[in-house]
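Residue strings, one per chain:
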2 protein chains.
Amino acid sequence: MPGPIQSIERAAAILRLLARGSGRLGVGEIAESLELAKGTAHGILRTLQGVGFVEQDKDSGKYQLGAALLHLGTSYLDVNELRSRAINWADALAARSGEAVRIGAPLEGRVLVVHHVFRPDDSLQTLDVGTLLPLHATALGKVLLAFDAALVASLRGGELEAYTRRTLASPTAVKRALAKVREAGWAGELGEMTPGEAGIAAPIRGHGGIVVGALGISGAVERLCDPDGSPKATLLGYVRDAARAVSRDLGASRW
Amino acid sequence: MPGPIQSIERAAAILRLLARGSGRLGVGEIAESLELAKGTAHGILRTLQGVGFVEQDKDSGKYQLGAALLHLGTSYLDVNELRSRAINWADALAARSGEAVRIGAPLEGRVLVVHHVFRPDDSLQTLDVGTLLPLHATALGKVLLAFDAALVASLRGGELEAYTRRTLASPTAVKRALAKVREAGWAGELGEMTPGEAGIAAPIRGHGGIVVGALGISGAVERLCDPDGSPKATLLGYVRDAARAVSRDLGASRW
DNA sequence: CGGGGTGTTCGACATTGTCGAATCGCAGCC
DNA sequence: GGCTGCGATTCGACAATGTCGAACACCCCG
């Protein structure tokens with residue numbers, strides 16, 4: 001059995017590289033980052049440009065992601081079953097809880113937001129669909145970690161960035177937190193990603209009970225938590241109910 | 001000078017194929033559509049699956065677009081200068097006009113929506129970012145066609161689908177309409193894409209005056225047009241003002 | 001239980017992708 | 001205005017890879 005096709009893997013690596021940081025890189029930078037010959041990198045970039053996956057700035061010569069990816073990304077949402085099943089429950093949860101709702105699934109060692117319902121008020125909010133959130137510092141992420149040993153194994157200690165003073169930044173602390181999540185069946189997060197913001201999430205299960213995603217709300221600590229820091233029981237109940245409903249829709253039994 | 005890398009082009013073709021229609025296809029269907037050997041198609045799919053660009057349904061064996069594309073698509077939005085420059089003007093235009101605002105750029109012979117501001121009311125709306133709209137049946141598309149001869153050349157008569165009874169479905173009709181758009185400097189659309197809905201759009205120019213995108217509003221005919229079917233002068237003015245402002249931000253002079 | 005259809009695997013080999021070296025283009029500096 | 005340096009681009013030899021026909025595996029249906 002032959003392995004994967006090298007040039008396609010390399011092309012994908014270039015696209016992922018361009019999705020990080022400034023998003024604009026020269027041929028030399030790309031070649032160096034991926035340890036490729038400049039001619040090789042250039043050939044791949046020329047082809048990616050031809051198919052619209054990459055664009056080159058005429059002035060600086062730098063490359064960046066191309067427009068064709070936007071359509072592909074959006075088309076992915078159309079076929080994503082987790083999202084299809086969860087949309088209505090997420091809308092209902094936002095209305096019921098009065099908070100922003102997000103649905104996440106694991107991707108590249110982080111949480112990919114596949115659906116985002118704004119908090120139903122007039123505040124200025126930005127859409128998170130498509131963004132990658134850290135696993136260890138979000139309620140969604142902790143849920144995904146708690147029920148996926150392989151995901152935990154892929155998490156390296158060096159990657160436990162401290163976003164705030166409350167972020168769990170040691171493997172031991174994360175491990176302990178995950179045990180509690182497994183026991184409780186939900187995860188909370190209190191000012192660990194953003195100061196003053198809290199989150200509550202519950203697992204979404206698919207066939208056979210495997211956790212395929214997480215559903216959660218987030219908002220100001222004062223609105224989501226009791227003075228002692230624990231999540232408000234009513235909100236927690238809403239989140240778990242919605243997650244269970246989505247799970248049933250996905251074919252999970254008895255969750 | 002060697003040509004593009006065949007396997008990368010083929011991989012891109014597979015992804016585009018999966019972005020159409022049902023979005024789920026088997027190896028045989030993909031091989032047949034792209035005139036590839038089944039082994040070849042399978043090898044490419046296996047690699048795309050490995051990098052997260054494709055997923056395979058365990059039950060049916062069908063392939064579909066993968067989660068990694070969502071993140072790449074969203075990252076594209078972050079580096080898209082047209083969108084970056086236009087966001088605030090689009091928000092302002094939505095508030096000012098009370099209608100939905102969209103920004104589009106050409107992609108694969110259609111209009112790619114790169115930004116969408118909802119009509120500022122409580123009505124249920126779906127986000128169009130990432131979707132592809134037809135060129136001939138939308139105000140955005142007519143603007144892009146009017147100022148891009150190559151785009152017109154790529155448009156085939158057979159592709160002029162009649163979405164409503166008012167859609168311009170013949171090359172002659174489209175050509176005449178585009179001449180008027182060039183002369184007027186904006187495009188309108190009246191029930192040609194969706195019955196009862198109208199659109200008004202103006203060109204966004206970049207360096208050297210080249211049209212790089214279009215900015216437009218859309219809504220019910222009664223709100224956008226006078227009884228005689230022409231766009232309301234105030235709304236048209238708002239659209240042109242906003243498009244000009246974005247153009248200036250993009251470095252176009254004297255537009 | 002057998003047949004049909006689809007996904008997957010294998011290995012020969014022809015074609016392609018890789019990469020070192022050279023060239024081109026452009027900007028900045030003297 | 002010319003030269004230098006740096007980054008993008010091109011080229012062609014050739015080794016490595018991607019392709020594809022054939023066979024196999026699996027599953028569903030009659």
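Quick notes on the rules
- Residues numbered from 1 in each chain as written.
- Chains lettered and ligands numbered in written order.
- Predicted model: local features only at pLDDT ≥ 70, side-chain atom pairs only at ≥ 80, totals over all residues.
- Heavy atoms only, no water.
- Least-squares fit on C-alpha atoms with pLDDT ≥ 70 in both.
- Contact = heavy atoms within 4.5 Å.
- Helix = DSSP H or I, 4+ residues; strand = E, 2+ residues; numbered from the N terminus.
- Expected span 1.5 Å × (residues − 1).
- Buried < 20%, exposed > 50% of the residue type's maximum accessible area, 1.4 Å probe, protein only.
- Domains from an automatic or database assignment.
- Buried area = accessible area lost by both parts, 1.4 Å probe.
- Salt bridge = Lys/Arg side-chain N within 4 Å of Asp/Glu carboxyl O.
- Nonpolar A, V, L, I, M, F, W, Y, C, P; charged D, E, K, R; others polar.
- Phe/Tyr/Trp six-rings, centres within 6.5 Å; stacked < 30°, edge-to-face > 60°.
- Lys NZ or Arg CZ within 6 Å of the ring centre and 35° of its normal.
- Pairing = 2+ DSSP bridges.
- Axes fitted to C-alpha atoms, helices over the stretch in contact; angles between N-to-C directions.
- 1 Å grid on protein atoms, 1.4 Å probe; cavity = no way out; pocket = protein on both sides within 12 Å on 5 of 7 lines; lining within 4 Å.
- Points joined across faces, edges and corners; volume = space filled by probe spheres on them.

Going by what an unreviewed UniProt entry lists, chain A is known as Transcriptional regulator IclR and is assigned to Kibdelosporangium persicum.

Turning chain A through 180° and shifting it by 0.0 Å along the axis lays it on chain B, with an RMSD of 0.0 Å. Look at the turn and shift together and you get a two-fold axis relating the two. Identified as the residue of chain A closest to the rotation axis by C-alpha distance is Gly73 of chain A, at 2.4 Å. Comparing interface residues between copies, 100% of those in chain A also lie at the interface in chain B; the contact surface is shared.

We now examine helix α1 (residues 6-18) of chain B. Taking 1.5 Å per residue, 13 residues should reach 18 Å; α1 of chain B reaches 18 Å between its end C-alpha atoms and fits that length. Among all positions in α1 of chain B, only Ser7, Ile8, Ala11, Ala12, Ile14, Leu15, Leu17 and Leu18 of chain B are buried.

What follows covers the domain arrangement of chain A. Entries for chain A in the domain assignment read domain 1 (6-70) and domain 2 (80-249). Each of domain 1 of chain A and domain 2 of chain A was reduced to a C-alpha centroid, and the two centroids are 33 Å apart.

A word on the interface of chain A and chain B. Counting from both sides, the interface comprises 49 residues of chain A and, opposite them, 49 residues of chain B. For the pairing of chain A and chain B, the buried interface totals around 4000 Å² over both sides, and the portion due to carbon and sulfur atoms is 73%. Linking chain A with chain B are zero salt bridges, by the criterion used here. Elements with a minimum of two residues in the side of chain A that touches chain B: α1 (6-18), α3 (38-50), β2 (63-65), α4 (68-79) and β4 (110-117) of chain A. The biggest single contributor to the side of chain A that touches chain B is α4 of chain A, with eleven residues. Classifying every residue of the side of chain A that touches chain B gives 29 nonpolar, 14 polar and six charged.

All right, on to helix α10 (residues 233-249) of chain A then. All names here are of chain A. The end-to-end C-alpha distance of α10, which contains 17 residues, comes to 24 Å, matching closely the 24 Å that a straight helix rising 1.5 Å per residue would cover. Of all the residues in α10, the buried ones are Leu235, Leu236, Val239, Ala242, Ala243, Ala245, Val246 and Ser247. Here the buried face of α10 lies against α5 (81-97), β7 (197-205), β8 (211-220) and α9 (221-224). Just beyond α10, the residue with positive phi is Gly251, at close to 100°.

With that settled, consider the environment of Arg16 of chain A. Secondary-structure assignment places Arg16 of chain A in helix α1. By relative accessible area, which is 27% here, Arg16 of chain A ends up partly exposed. When sequence neighbours within four positions are dropped, the list of residues in contact with Arg16 of chain A reads Glu108 of chain A together with Val51 and Leu72 of chain B.

This part covers the packing of aromatic side chains. Under the defined criterion, the tally for this structure stands at zero aromatic pairs over all chains. A cation over an aromatic ring shows up here: Arg205 of chain A above the ring of Phe147 of chain A, its NZ or CZ 4.9 Å from the ring centre.

The next subject is the sheet that holds β4 of chain A. Pairing is antiparallel across the open sheet formed by six strands, whose spatial order is β5-β4-β3-β8-β7-β6 (chain A). This sheet does not close on itself; its edge strands, each paired only once, are β5 (132-133) and β6 (187-190) of chain A. Here two bridges tie β4 of chain A to β5 of chain A, and the two strands are oriented antiparallel to one another. Residue pairing for β5 of chain A: Val111 of chain A is matched across the bridge by Leu133 of chain A. Across the sheet, helix α4 (residues 68-79) of chain B lies against β3 (100-107), β4 and β5 of chain A, angled at about 70° from β4 of chain A, the strand it touches most.

The full count for this structure, using the stated rule, is two cavities of 30 Å³ or more. If you trace the largest cavity, you find 14 residues lining it, with Ala11 and Phe53 of chain A together with Ile8, Ala11 and Phe53 of chain B closest to the centre. The set of elements that each furnish at least two residues to the lining of the largest cavity consists of α1 of chain A together with α1 of chain B. Residues of the lining of the largest cavity, tallied by class, amount to 14 nonpolar, no polar and no charged. Empty space within the second largest cavity amounts to approximately 40 Å³. Taken together, Pro106, Leu144, Phe147, Asp148 and Val211 of chain B make up the lining of the second largest cavity. The class makeup of the residues in the lining of the second largest cavity is four nonpolar, no polar and one charged.

Residue and element names in this part refer to chain A. For β4, the buried fraction is high: seven of the eight residues fall into the buried class. With seven bridges joining them, β3 and β4 adopt antiparallel strand pairing. By the bridge assignment for β4, Arg102 is matched with His116. The turn joining β3 and β4, which pair antiparallel and follow one another in sequence, is formed by two residues; a positive phi near 50° is taken by Glu108.

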